[in-house]
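Secondary and tertiary structure notes
Listed below are the residues making up each chain.
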Amino acid sequence: MGVEIKFSQSYFMLNSWVLANIIQLGTQSFCDRFINYAIDPGRRLYDQMVLAARCGVANIAEGSARYSTSMETEMKLIDVARASIDEVQGDFFNFLLRRKADVWAIGNQNREAIWKMELDRPIYSNSLMHDAALHILRQKSKYDPWIENADPHIAANAMLVLCERINKMLESQLRGILERFKLQGGFSENMTVERIEARKRQAFSENAPQCPKCGKPMLKRTQTRGQMQGREFWGCCDYPKCNGTRQMLTGQDKT
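The shown structure was predicted, so the numbers you read here are calculated from the model rather than taken from an experiment.

Next up on the list: the side chain of Ser16. Within the secondary structure layout, Ser16 lies in helix H1 (residues 15–34). With a relative accessible area of 4%, Ser16 lands in the buried category. At 2.8 Å, the side chain of Ser16 and the side chain of Gln173 are in polar contact. In this view, Ser16 contacts Ile60, Ile166, Met169, Leu170 and Gln173; residues no more than four positions away in its chain are not counted.

Judged by nonpolar contacts, the single largest core of 51 residues is most densely connected at Trp17, Ile22 and Leu162. Residue assignment for this core shows that the elements contributing at least two residues are H1, helix H2 (44–65), helix H3 (71–98), helix H5 (128–147) and helix H6 (152–184). Residue contributions to this core peak at 13 residues, all from H6. Ranked by size, the runner-up nonpolar core spans seven residues in total, among them Ala208, Met218, Trp234 and Met248.

What follows deals with the confidence of the model for the chain. Counting all residues, the mean pLDDT for the chain is 84, and 81% of those residues have values of 70 or more. Taken as a whole, residues 1–7 scores under 50 in pLDDT and shows 14 contacts with residues more than four places along the chain or in a different chain.

Now for the side chain of Arg165. Residue position: Arg165 is located in helix H6. Comment: no salt bridge for buried Arg165; closest opposite-charge side chain is Glu118, at 4.7 Å. There is a polar contact of 3.2 Å between the side chain of Arg165 and the backbone oxygen of Ile114. Setting aside residues no more than four positions away along its own chain, Arg165 makes contact with Leu19, Ile114, Trp115, Met117 and Tyr143.

Spatial ordering of the open sheet is given by E1-E2-E3, a layout of three strands whose pairing is antiparallel. Looking along the sheet, the strands with just one partner apiece sit at the ends: strand E1 (218–222) and strand E3 (245–247). Strand-to-strand, the axes of this sheet are offset by a mean angle of 35°, without reference to chain direction. Relative to strand E2 (residues 232–236), E1 runs antiparallel, the two being bridged by five bridges. Counterpart to Leu219 in the pairing with E2 is Gly235.

This part covers the packing of H1 against H3. The contact between H1 and H3 brings their axes to 12 Å, and the two run at 35°. Remark: the crossing between H1 and H3 carries left-handed chirality. Along its contact with H1, which presents Ile23, Thr27, Phe30 and Phe34, the element H3 presents Ile85, Val88, Phe92 and Phe95. Considering only residue class, the contact of H1 with H3 consists of seven nonpolar, one polar and no charged.

Let us now look at the environment of Ala133. When you line up the elements, Ala133 lands in helix H5. Each C-alpha atom of the pair Ala133 and Val18 lies 9.5 Å from the other, and the pair is 115 residues apart in sequence.

Relative to the 40 Å expected for 28 residues at 1.5 Å per residue, H3 spans 41 Å between its end C-alpha atoms, a close match to the ideal helical length. In the stretch just after H3, Lys100 is the one whose phi turns positive, near 50°.

On to the packing of aromatic side chains, then. For the structure shown, the criterion picks out seven aromatic pairs. Centroid distance Phe12 to Tyr124: 6.4 Å. Interplanar angle 85°. Geometry classified as edge-to-face. With Phe12 in the segment before H1 and Tyr124 in the loop between helix H4 (109–116) and H5, this residue pair connects regions lying 112 residues apart in the sequence. The class of Phe12 is buried, set by a relative accessible area of 3%. Centroid distance Phe30 to Phe95: 4.9 Å. Interplanar angle 80°. Geometry classified as edge-to-face.

Reading guide: rules and limits
Residues numbered from 1 in each chain as written. Predicted model: local features only at pLDDT ≥ 70, side-chain atom pairs only at ≥ 80, totals over all residues. Heavy atoms only, no water. Helix = DSSP H or I, 4+ residues; strand = E, 2+ residues; numbered from the N terminus. Buried < 20%, exposed > 50% of the residue type's maximum accessible area, 1.4 Å probe, protein only. Polar contact = N/O pair within 3.5 Å; in protein donor to acceptor, adjacent residues only side chain to side chain. Contact = heavy atoms within 4.5 Å. Core = buried A, V, L, I, M, F, W, Y, C linked by side-chain atoms within 4.5 Å. pLDDT = per-residue confidence, 0-100. Lys, Arg positive; Asp, Glu negative; His and termini not counted. Salt bridge = Lys/Arg side-chain N within 4 Å of Asp/Glu carboxyl O. Pairing = 2+ DSSP bridges. Axes fitted to C-alpha atoms, helices over the stretch in contact; angles between N-to-C directions. Left-handed = near helix turned anticlockwise from the far one by under 90°. Nonpolar A, V, L, I, M, F, W, Y, C, P; charged D, E, K, R; others polar. Expected span 1.5 Å × (residues − 1). Phe/Tyr/Trp six-rings, centres within 6.5 Å; stacked < 30°, edge-to-face > 60°.

Pasting the structure below:
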């Protein structure tokens with residue numbers, strides 16, 4: 001598979017990106033309502049929670065946008081998004097601990113309702129930003145009875161559940177990227193393939209000699225080490241599968 005470089009906003013279709021936006025909006029709302037000067041006089045907690053939630057969205061978008069040029073970068077950024085969501089989750093957990101409030105257990109009615117709620121599949125027109133905004137707000141409204149609840153303990157617990165859900169999504173996304181890498185290779189691997197194919201075409205166009213081992217056209221190469229370093233020779237275009245070589249005749253050799 002060759003190298004393909006193109007602008008992409010395919011992350012708009014990802015449930016993880018949609019849910020990350022809901023978590024960002026929910027975190028902003030929670031901090032506006034419940035992280036006040038009495039418990040956060042320097043506003044550091046407020047800033048850190050809002051920024052971490054923003055980083056979740058941004059890194060999912062940036063990582064997914066890099067899928068055509070660097071799977072390694074894509075995986076790293078998705079993992080950074082997961083770490084950012086973990087940070088937000090930790091802050092909500094601490095909020096409940098400080099108040100000795102109940103943290104919902106598995107089986108809690110509210111927790112199970114949030115966990116099982118499915119996101120709708122997005123349907124976008126060419127007005128992508130407009131449609132995406134409407135879609136995110138519609139999906140958020142499903143969770144609003146909990147994350148916009150006037151009781152901070154209900155809102156914090158609901159955000160814990162959403163953070164856990166998105167972490168599961170991102171784990172699955174990372175496994176998918178890894179499987180794609182196994183099948184297609186990454187940017188560096190495909191760049192090498194492109195270079196080899198280009199040099200093969202060049203060899204055909206230059207009427208290069210045939211490899212003495214496999215009969216394929218040969219390429220001009222330069223020895224990079226040893227006493228003959230810098231000397232040109234013919235090497236098989238199918239290297240490293242074939243290591244056939246021919247000496248390249250100099251002007252003196254030809255006479």
